[in-house]
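Structure at a glance
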Amino acid sequence: MNTNHFDVLIIGAGLSGIGTACQVTAEFPNKTIAVLERRERLGGTWDLFRYPGIRSDSDMYTFGYKFRPWHDTKVLADGASIREYIADTAREYGIEDKIHYGVKIVGADWSTAQGRWTVTALHEATGERRIYTCGYLVSCTGYYDYDAGHLPAFPGADRFQGRCVHPQHWPEDLDYTGKKVVVIGSGATAVTLVPSMAGDAEHVTMLQRSPSYIFSIPALDKISQVLGRFLPEKWVYSFARTRNIAVQRGLYRACRRWPAQMRRLLLWQVRRSVGPGFDMSHFTPNYMPWDERLCAVPNGNLFKVLASGEASIVTDHIDTFTETGIVLKSGRELEADIIVTATGLNLQMLGGMTLSVDGEARELHEQMTYKGVLVENIPNLAWVFGYTNASWTLKSDIAGAYLCRLLRHMDVGGHTVATPRDVENSALDVGMLDQLQSGYVQRGKNVMPRQGSKDPWKVLMDYEKDSTMLLEDPIQDGLLEFGAPARAHEAVHAS
């Protein structure tokens with residue numbers, strides 16, 4: 001059994017974990033830190049997902065780190081490029097040697113007496129149990145279960161004689177050249193897969209139970225390309241990032257404020273892309289924009305393969321799988337050699353580990369999130385969760401910056417413990433993502449933290465307001481309780 005102690009222990013070597021590790025290391029070069037990663041490589045989502053066309057669904061000027069700008073003018077980057085960017089960032093900031101790979105976190109217990117976390121982990125390759133301790137614990141594990149995606153129980157699934165795959169675990173040997181492919185789903189994964197497979201497959205059919213809002217964005221940032229010819233790279237990046245943040249926020253606010261008008265606008269741009277004869281019922285959701293996430297496609301590539309006939313879209317319910325495909329409720333049969341179940345994710349918090357304080361279990365969904373970064377009643381724990389209505393990294397960046405502010409405040413004040421307390425009875429029985437109607441959110445409502453009736457317990461999903469709250473508002477606000485380990489108090493009183 002190995003025991004290792006660190007000032008700051010970060011769980012997860014994905015986009016958030018590496019970004020947070022870089023910020024903490026740069027701000028506190030004398031603090032000891034480690035990153036624990038279950039997989040054998042860094043990258044998180046961008047190492048796990050290998051399906052055709054895997055890419056970001058946010059622009060890279062805002063999806064990349066603010067402290068290490070992304071300069072390529074490709075708006076939506078492919079997964080391999082994003083993973084390489086994360087790896088290069090880790091290398092540049094000296095994080096590479098601080099990552100412990102192959103380590104699954106089982107549980108973490110806070111000791112009030114000792115003022116530290118004890119983290120129990122399993123080295124999966126050897127079965128060895130490992131113990132880590134730390135002063136401050138940071139969870140950067142994302143929000144979904146890496147072991148298995150969401151897969152509904154389709155009637156007759158065991159009868160299908162072809163190949164059935166889930167995008168979360170894409171087989172390296174899957175050859176779909178000249179094959180009939182049915183992609184089940186209408187979300188970001190499905191709209192990425194269909195145009196990516198359409199060129200090689202005999203035909204690709206996108207089978208959806210209900211439509212999603214899909215909009216086209218330019219594949220290349222031509223404005224930045226032009227500006228880059230005569231302006232410094234730093235200026236071009238700053239302008240593009242500021243512009244894209246404003247556009248993202250403006251689109252979201254417009255959808256919330258004028259849903260009917262924005263619905264017409266989004267459907268108009270689809271109709272213009274697929275042509276006047278296309279059945280628009282396939283693109284007309286029964287909900288308003290941003291009740292669920294919008295799906296972005298670069299240069300309208302999905303619309304192009306649908307308009308050309310290389311791919312088709314069907315809106316119907318599945319009656320049963322057969323030996324050769326899928327029979328729909330309408331009676332229509334879709335022939336398939338390969339079925340791709342792009343049916344979503346299973347939500348999971350903290351990478352599935354258990355939390356306890358002095359041996360007493362604490363469930364994340366029973367606590368509120370404080371400033372969207374800390375967790376009510378749990379000492380020295382940061383929980384990094386990005387935006388759902390903008391680039392994930394916009395929030396993880398400022399969450400990391402807030403954590404550095406907090407650690408600095410604690411060091412200066414001689415505090416070793418910080419715990420958010422709801423002293424004003426702000427608690428509501430409302431999940432932090434309840435405003436989204438997406439299937440994965442609704443399925444995972446019982447695992448998400450709660451939010452409260454007022455700041456800082458409300459989850460804003462607003463970069464401008466969050467930036468003020470996390471980067472400018474005073475650390476000491478009467479709700480964050482500071483202290484030292486019980487053992488230290490006992491020593492003072494004894495003297």
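Please refer to the structure placed before this passage.
Let me sum up the structure you'll find in this document.

So, how was this worked out
- Every residue gets a number counted from 1 within its own chain, in the order that chain's sequence is written.
- Local features in this predicted model are restricted to residues whose pLDDT is 70 or higher, and side-chain atom pairs enter the listing and the counts only when it is 80 or higher, whereas totals over whole chains, interfaces and linings include all residues.
- Hydrogens and water are ignored here; the side-chain numbers use all heavy atoms of the structure.
- Runs of E in the DSSP output that reach at least two residues are strands. Runs of H or I that reach at least four are helices, and both are numbered from the N terminus.
- In this setup the radius of gyration rests on C-alpha atoms only. A globule is expected at 2.2 Å times the number of residues raised to 0.38.
- Three exposure classes are used, based on accessible area relative to the maximum for each residue type with a 1.4 Å probe and protein chains only: buried under 20%, partly exposed in between, and exposed over 50%.
- Any two residues having at least one pair of non-hydrogen atoms within 4.5 Å are treated as being in contact.
- To be clear on the numbers: accessible area is Shrake-Rupley with a 1.4 Å probe, and residue cover counts the displayed protein chains and nothing else.
- Two residue types count as positive, namely Lys and Arg, and two as negative, namely Asp and Glu; His and chain ends fall outside the count.
- Every charge is mapped to an atom, namely NZ of Lys, CZ of Arg, CG of Asp or CD of Glu.
- Pairing of N or O atoms within 3.5 Å defines a polar contact, subject to two protein rules: one partner must be a possible hydrogen donor and the other a possible acceptor, and residues neighboring in sequence count only if both atoms are side-chain atoms.
- Here, nonpolar core means buried Ala, Val, Leu, Ile, Met, Phe, Trp, Tyr and Cys residues that are tied together by side-chain atoms lying within 4.5 Å of each other.
- Only protein atoms enter the calculation, which uses a 1 Å grid: trapped sets of points that fit a 1.4 Å probe without letting it out are cavities, open sets showing protein on both sides within 12 Å along at least five of seven lines are pockets, and any residue with an atom within 4 Å of a point is a lining residue.
- Grid points are joined across faces, edges and corners, and a volume is the space filled by probe spheres set on the points.
- Only Asp, Glu, Lys and Arg are considered charged in this grouping, and only Ala, Val, Leu, Ile, Met, Phe, Trp, Tyr, Cys and Pro are considered nonpolar; every other residue, Gly among them, is considered polar.
- Strands qualify as paired when DSSP identifies two bridges or more between them.
- As a rule, the C-alpha atoms of each element are fitted with a line to give its axis, helices using only the stretch in contact, and angles between N-to-C directions run from 0 to 180 degrees.
- For this document, the term salt bridge refers to a Lys or Arg side-chain nitrogen within 4 Å of an Asp or Glu carboxyl oxygen.
- Surface patches are drawn from residues lacking salt bridges whose relative accessible area is over 30%; two like charges belong together within 9 Å, two nonpolar side chains (Val, Leu, Ile, Met, Phe, Trp, Tyr) within 5 Å.

1. Some thoughts on the overall build of the protein chain
Along its length, the protein chain carries 13 helices and 25 strands. Computed over its C-alpha atoms, the radius of gyration of the protein chain comes to 24 Å, within 12% of the 23 Å expected for a compact globule of 495 residues. Principal-axis analysis of the C-alpha atoms places the extent of the protein chain at approximately 85 × 55 × 45 Å. Sorting the 495 residues of the protein chain into buried and exposed places 54% on the buried side. At a minimum sequence separation of 6, the contacts of the protein chain that also span at least 24 residues come to 71%. Accessible surface, the protein chain as shown: approximately 21300 Å² in total, 50% of it carbon and sulfur. Positive and negative side-chain charges of the protein chain, numbering 51 and 57 respectively, have mean locations separated by a distance of 5 Å.

2. Quick look at the side chain of Asp462
By the secondary structure assignment, Asp462 is in the loop between strand 24 (450–452) and helix 12 (463–471). For Asp462, a relative accessible area of 4% gives the class buried. Within the local environment of Asp462, its side chain forms a polar contact with the backbone nitrogen of Glu464, the two atoms lying 3.1 Å apart. Sequence-distant contacts of Asp462, defined by excluding residues within four places in its chain, comprise Arg249, Arg253 and Tyr387.

3. Details of the nonpolar core
Ranked by internal contacts, the top residues of the largest apolar core, which has 139 residues, are Ile18, Trp117, Tyr136, Leu137 and Leu406. At ten residues, helix 10 (residues 392–413) tops the list of elements feeding residues into this core. The contact partners of Leu406, leaving out residues within four places of it in the chain, are Tyr136, Leu374, Ala418, Ile475, Leu480 and Phe482. Among the nonpolar cores identified, the runner-up in size contains 13 residues, and Val182, Ile318, Leu334 and Ile339 belong to it.

4. Description of the layout of surface pockets
One number sums up the size of the second largest pocket: a volume of about 950 Å³. Around the second largest pocket sit 38 residues that line it, and Phe215, Ser216, Ile217, Val247 and Leu251 are the ones nearest its centre. In the lining of the second largest pocket, the residues fall into 20 nonpolar, ten polar and eight charged.

5. Digging into the environment of Glu310
Mapped onto the fold, Glu310 is located in the loop between helix 9 (301–308) and strand 12 (311–315). Judged by relative accessible area, Glu310 falls into the partly exposed class, the value being 36%. Once the C-alpha coordinates of Glu310 and Val204 are considered, the two residues, 106 residues apart in sequence, prove to be 6.9 Å apart.

6. Focus on the sheet that holds strand 12
Strands pair in a sheet through their backbones, by hydrogen bonds, and they do so in one of two ways: parallel or antiparallel. One open sheet accounts for five strands, arranged 7-16-8-9-12; its pairing is parallel. Because the sheet does not close on itself, it has two edges, and the strands there are strand 7 (163–165) and strand 12. Pairwise comparison of adjacent strand axes, ignoring direction, gives a mean angle of 20° for this sheet. Pairing between strand 8 (residues 180–184) and strand 9 (residues 203–208): five bridges, direction parallel. Bridging across to strand 9, Ile184 finds its partner in Leu207. The strands touched by helix 5 (residues 188–198) within the sheet are strand 8, strand 9, strand 12 and strand 16 (338–341), with strand 9 carrying the most contacts at an inclination of about 165°.

7. Examining the pattern of salt bridges
Within this structure, the stated rule accounts for 24 salt bridges. In this structure, the salt-bridge partner of Arg91 is Glu96, at a minimum N-O distance of 3.3 Å. Taking the shortest distance from any N to any O, the salt bridge between Asp291 and Arg256 comes out at 2.9 Å. In this pair, Asp291 is assigned in the loop between helix 8 (259–274) and strand 11 (295–298) and Arg256 in helix 7 (residues 233–257), connecting sequence segments 35 residues apart.

8. Observations regarding a negative patch on the surface
Where like charges cluster on the molecular surface, the negative patch consists of Glu424, Asp455, Glu472, Asp473 and Asp477. Relative to the helices and strands, Asp477 is located in the loop between helix 12 and strand 25 (480–483). Taking the relative accessible area as the measure of exposure, Asp477 reaches 31% and is therefore partly exposed.

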